[in-house]
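A look at the structure
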Amino acid sequence: MKVGDKVIVDPTLPRLYHSIWAIPMELVKDRIMTIRRVGDSGDGTHYCYVEEESYIFPCSMFIPAEGTLFLAIYERRQHEERR
């Protein structure tokens, strides 16, 4: 993943975790976010700074939004609202 990529939380994670670093999963699941910056902790873990929230998450919790059914539905809803 790189800066500017649209990502969503991996759909399997909400079933495995109720929160990530004390941030309720409900706040971030089902949201399309844009990676603003990618960092490295030094121990091999890459972190993503996302634009829509002021949170820092492990990149491993995201999947690319491009090509997902979720993104297609989201874009269709956005288009319908503009009419």
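Here we summarise the structure given alongside this text. What you see is a predicted model, and the numbers here were worked out from it, not measured in a lab. (Residues numbered from 1 in each chain as written. Predicted model: local features only at pLDDT ≥ 70, side-chain atom pairs only at ≥ 80, totals over all residues. Heavy atoms only, no water.)

The subject of this paragraph is the overall build of the protein chain. Per the secondary structure count, the protein chain includes two helices and seven strands. Along the chain direction, N to C, the helices and strands of the protein chain fall in the order β-α-β-β-β-β-β-β-α. With respect to the three principal axes, the spread of C-alpha positions in the protein chain is 50 × 25 × 20 Å. In the protein chain, buried positions account for 30% of the 83 residues. Summed over its atoms, the accessible surface of the protein chain is roughly 5,800 Å², and 51% of this surface lies on carbon and sulfur atoms. Between the averaged position of the 11 positive side-chain charges in the protein chain and that of its 13 negative side-chain charges there is a distance of 5 Å. (Helix = DSSP H or I, 4+ residues; strand = E, 2+ residues; numbered from the N terminus. Buried < 20%, exposed > 50% of the residue type's maximum accessible area, 1.4 Å probe, protein only. Areas by Shrake-Rupley, 256 points an atom, 1.4 Å probe, with all protein chains shown as cover. Lys, Arg positive; Asp, Glu negative; His and termini not counted. Charge placed at Lys NZ, Arg CZ, Asp CG, Glu CD.)

Right, let's get into the pattern of salt bridges. Counting across every chain of the model gives one salt bridge. The salt bridge partner of Asp-5 is Lys-2, with a shortest N-O separation of 3.2 Å. Given a relative accessible area of 54%, Lys-2 falls into the exposed group. (Salt bridge = Lys/Arg side-chain N within 4 Å of Asp/Glu carboxyl O.)

Our next topic: the packing of aromatic side chains. All told, the structure shown has one aromatic pair when counted by the stated rule. Ring geometry for Phe-57 against Phe-62: centres 5.8 Å apart, planes inclined by 85°, an arrangement best described as edge-to-face. The pair Phe-57 / Phe-62 is uniform in exposure class, with both members buried. The ring of Tyr-49 has Arg-37 sitting right over it, with the charged end atom 4.0 Å from the ring centre. (Phe/Tyr/Trp six-rings, centres within 6.5 Å; stacked < 30°, edge-to-face > 60°. Lys NZ or Arg CZ within 6 Å of the ring centre and 35° of its normal.)

Turning our attention to the environment of Ile-73. Assignment of secondary structure puts Ile-73 in helix H2 (residues 69-82). Among the residues examined, Ile-73 registers a relative accessible area of 37% and is labelled partly exposed. Linking Ile-73 and Leu-27, residues 46 residues apart in sequence, is a C-alpha distance of 19 Å.

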